[in-house]
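Single-letter residue listing:
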Amino acid sequence: MGALDGKVIAVTGAGRGIGRAVAEFCASEGAAVVVNDYGVSIDGNEPTSEIADEVVAAITAAGGRAVANASSVTEMAGGASIVQSAIDNFGRIDGVVAVAGILRERMFFNMSEEEWDPVIETHLKGTFTVFRAAAPHFKAQGSGAFVAFTSGAFAGSVAQANYASAKGGIVSLARSVAAGMFKYGVRSNVIAPVAKSRMSGNVPFGIEMGEPEDVAPMVGFLLSDLADGITGQVYTANGGKIAVWNQPVEVREMRKDGRWTVEEIASRIGEVGQEEMGLLKVLAERDAAAKAAKEAYKSGETIYPYENARKK
């Protein structure tokens with residue numbers, strides 16, 4: 001008996017990396033899987049995806065059940081097609097996992113509309129289209145599980161304002177879905193994975209990073225009946241580590257009777273202060289280390305100035 005026996009799960013971006021690992025894991029736990037990865041046919045009619053077909057072949061060879069879907073998540077029709085593939089082939093839909101995503105990295109002050117739009121469209125809208133298509137089915141049957149994918153970058157990123165914005169939007173979308181679908185017995189959660197993949201290729205060395213297969217069990221758990229009552233959460237999955245993120249809340253306040261003036265705010269702002277932005281702290285430490293390394297190099301202390309500065 002698998003944790004997902006009898007369930008039908010749709011996974012977007014399932015042709016490679018984490019998406020593939022999730023699709024194959026769900027199948028190994030007994031689920032029938034819709035393997036979605038975007039593709040286009042030569043004649044421009046029904047889209048096909050070789051990498052989605054490869055995953056389906058691997059699943060069926062292992063004794064599982066799967067069907068390929070090559071629709072784009074960036075269109076409402078694509079999201080509907082993915083869910084309909086589940087209905088047409090397996091008779092129902094029990095879970096949706098939105099993994100599909102792309103990167104267009106650029107410093108914010110140089111970012112173009114052509115680099116902004118596709119990232120928002122694929123990540124954020126792409127999560128919405130498939131979630132929206134599945135929602136009426138979940139509502140009608142009084143059950144279902146949404147699993148969205150974010151990233152620690154939703155807290156801010158130096159050269160990925162588009163990606164960070166999309167991932168932050170996904171967190172808010174998933175929490176809104178959790179609130180809106182709660183009374184119907186439908187769950188909505190988010191995974192912030194840390195795993196080696198094409199999109200993590202530019203992550204600095206030295207950061208703890210697991211494999212795509214390490215993320216899949218947490219996704220499987222959130223899709224299973226064992227996760228009953230768990231909704232509106234953001235979890236990190238990284239190798240053998242699973243962690244939960246805090247919920248955004250007000251932490252300090254200041255009050256007065258009537259409307260504030262700028263001068264009054266300035267005189268009392270210390271009562272609320274500001275919360276430390278971890279990313280800025282890291283950047284400040286790196287800048288300080290780089291400056292120390294440069295000075296060390298000038299003085300001839302070492303031929304490996306950056307490492308020497310870090311040790312100091």
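Please refer to the structure higher up on the page.
Bear in mind that the values here come from a model prediction, so they are computed numbers and not experimental data.

Novice: Would you mind going over a nonpolar patch on the surface in detail, with residue names and values included?
Specialist: Together, Met 107, Phe 109 and Val 158 give the surface a local cluster of nonpolar side chains, amounting to about 290 Å² of exposed area. For Met 107, the location among the structural elements is in the loop between β4 (95–98) and α4 (113–141).

Novice: Hey, could you go over the packing of aromatic side chains for me, with residue numbers and the actual values?
Specialist: Throughout the structure, instances matching the rule amount to 2 aromatic pairs. Aromatic side chains Phe 131 and Phe 146 sit 4.4 Å apart centroid to centroid with 35° between the ring planes, which places their arrangement in the tilted category. Remark: Phe 146 occurs in strand β5 (residues 144–149) and Phe 131 occurs in helix α4; sequence separation between them is 15 residues. For the residue pair Phe 131 and Phe 146, the accessibility class agrees, reading buried in each case. Members of the aromatic cluster, joined through ring pairs, are Phe 131, Phe 138 and Phe 146. Lying across the ring of Trp 260, Lys 256 places its NZ or CZ 6.0 Å from the centre.

Novice: Kindly report on the side chain of Asn 189, identifying the contributing residues and their values.
Specialist: Along the chain, the position of Asn 189 falls in strand β6 (residues 186–193). Residue class for Asn 189 comes out buried when judged on its relative accessible area of 0%. In terms of polar contacts, Asn 189 uses its side chain to reach the backbone amide nitrogen of Gln 233, at 3.0 Å. Excluding its chain neighbours within four sequence positions, the residues that come into contact with Asn 189 are Phe 146, Val 147, Ala 148, Ala 174, Leu 222, Ile 230, Thr 231, Gly 232, Gln 233 and Tyr 235.

Novice: With reference to specific residues and values, describe the sheet that holds strand β3 (residues 65–69).
Specialist: Strands belonging to one sheet form pairs held by backbone hydrogen bonds; the direction of such a pair is parallel or antiparallel. Overall, mixed pairing links the 8 strands, which are arranged β3-β2-β1-β4-β5-β6-β7-β8 in an open sheet. Every interior strand has two partners, whereas the edge strands, β3 and β8 (241–244), have only one. Geometrically, the sheet is characterised by an average inter-axis angle of 20° between neighbouring strands, direction not taken into account. Strand direction decides the pairing type here: strand β2 (residues 32–36) and β3, joined by 5 bridges, are parallel. Counted as the bridge partner of Asn 36 is Asn 69 from β3. Across the sheet, helix α2 (residues 50–61) touches β2 and β3, and the angle it forms with β3 is around 175°.

Novice: Just give me the short version of helix α6 (residues 212–223), but keep the residues and values in it.
Specialist: Its 12 residues place the ends of α6 17 Å apart at the C-alpha level, agreeing with the 16 Å of an ideal helix rising 1.5 Å per residue. Among all positions of α6, only Pro 212, Val 215, Ala 216, Met 218, Val 219, Gly 220, Leu 222 and Leu 223 are buried.

Novice: Lay out the packing of helix α1 (residues 17–28) against α2 with the relevant residues and their values.
Specialist: Look at α1 against α2: their axes get within 10 Å of each other, and the N-to-C directions meet at 25°. One element, α1, and the other, α2, form an angle in the roughly parallel class. For the crossing formed where α1 meets α2, the hand is right-handed. Residue-level contacts link Arg 20, Ala 23, Glu 24 and Ala 27 of α1 to Glu 54, Val 55, Ala 58 and Ile 59 of α2. Of the residues assigned to the contact of α1 with α2, the class counts are 5 nonpolar, no polar and 3 charged.

Novice: Now, about the nonpolar core: what can you tell me, with residues and values included?
Specialist: Across soluble globular proteins, nonpolar side chains show a tendency to be buried alongside one another. Formed by 32 residues in total, the largest nonpolar core has its most connected members in Val 35, Val 97 and Ile 191. Among the elements of the structure, β1 (8–12), α1, β2, α2, β5, α6 and β7 (234–238) are those that each provide at least two residues to this core. Element by element, the count of residues in this core is highest for α6, at 6 residues. Excluding residues that lie within four positions of it along the chain, Val 35 makes contacts with Val 11, Ala 14, Ala 23, Ala 52, Val 55, Val 56, Ile 59, Ala 66, Val 67, Ala 68 and Asn 69. Listed in part, the 30 residues of the second largest apolar core include Val 83, Met 181, Val 190 and Val 234.

Novice: Residues and numbers for the packing of α1 against α6, please.
Specialist: Between two packed helices, both the angle of their axes relative to each other and the distance between the axes serve to describe the pair. Their axes nearest at 8 Å, the elements α1 and α6 cross at an angle of 50°. One way to sum up the angle between α1 and α6 is to call them oblique. Crossing angle aside, the handedness with which α1 passes α6 is right-handed. Across the interface between the two elements, Gly 17, Ile 18, Ala 21, Val 22, Phe 25 and Cys 26 from α1 touch Pro 212, Glu 213, Val 215, Ala 216, Pro 217, Val 219, Gly 220 and Leu 223 from α6. Across the contact of α1 with α6, the residue classes tally to 11 nonpolar, 2 polar and 1 charged.

Novice: I'd like a rundown of the side chain of Asn 238, residues and numbers included.
Specialist: Along the chain, Asn 238 falls in strand β7. The buried category is assigned to Asn 238, whose relative accessible area is 4%. Only 2.9 Å separates the side chain of Asn 238 from the backbone nitrogen of Gly 210, close enough to count as a polar contact.

Cut-offs used in this document
Residues numbered from 1 in each chain as written. Predicted model: local features only at pLDDT ≥ 70, side-chain atom pairs only at ≥ 80, totals over all residues. Heavy atoms only, no water. Patch = residues over 30% accessible without salt bridge, like charges linked within 9 Å, V, L, I, M, F, W, Y side chains within 5 Å. Areas by Shrake-Rupley, 256 points an atom, 1.4 Å probe, with all protein chains shown as cover. Salt bridge = Lys/Arg side-chain N within 4 Å of Asp/Glu carboxyl O. Helix = DSSP H or I, 4+ residues; strand = E, 2+ residues; numbered from the N terminus. Phe/Tyr/Trp six-rings, centres within 6.5 Å; stacked < 30°, edge-to-face > 60°. Buried < 20%, exposed > 50% of the residue type's maximum accessible area, 1.4 Å probe, protein only. Lys NZ or Arg CZ within 6 Å of the ring centre and 35° of its normal. Polar contact = N/O pair within 3.5 Å; in protein donor to acceptor, adjacent residues only side chain to side chain. Contact = heavy atoms within 4.5 Å. Pairing = 2+ DSSP bridges. Axes fitted to C-alpha atoms, helices over the stretch in contact; angles between N-to-C directions. Expected span 1.5 Å × (residues − 1). Parallel < 35°, antiparallel > 145°, perpendicular 65-115°, else oblique. Left-handed = near helix turned anticlockwise from the far one by under 90°. Nonpolar A, V, L, I, M, F, W, Y, C, P; charged D, E, K, R; others polar. Core = buried A, V, L, I, M, F, W, Y, C linked by side-chain atoms within 4.5 Å.

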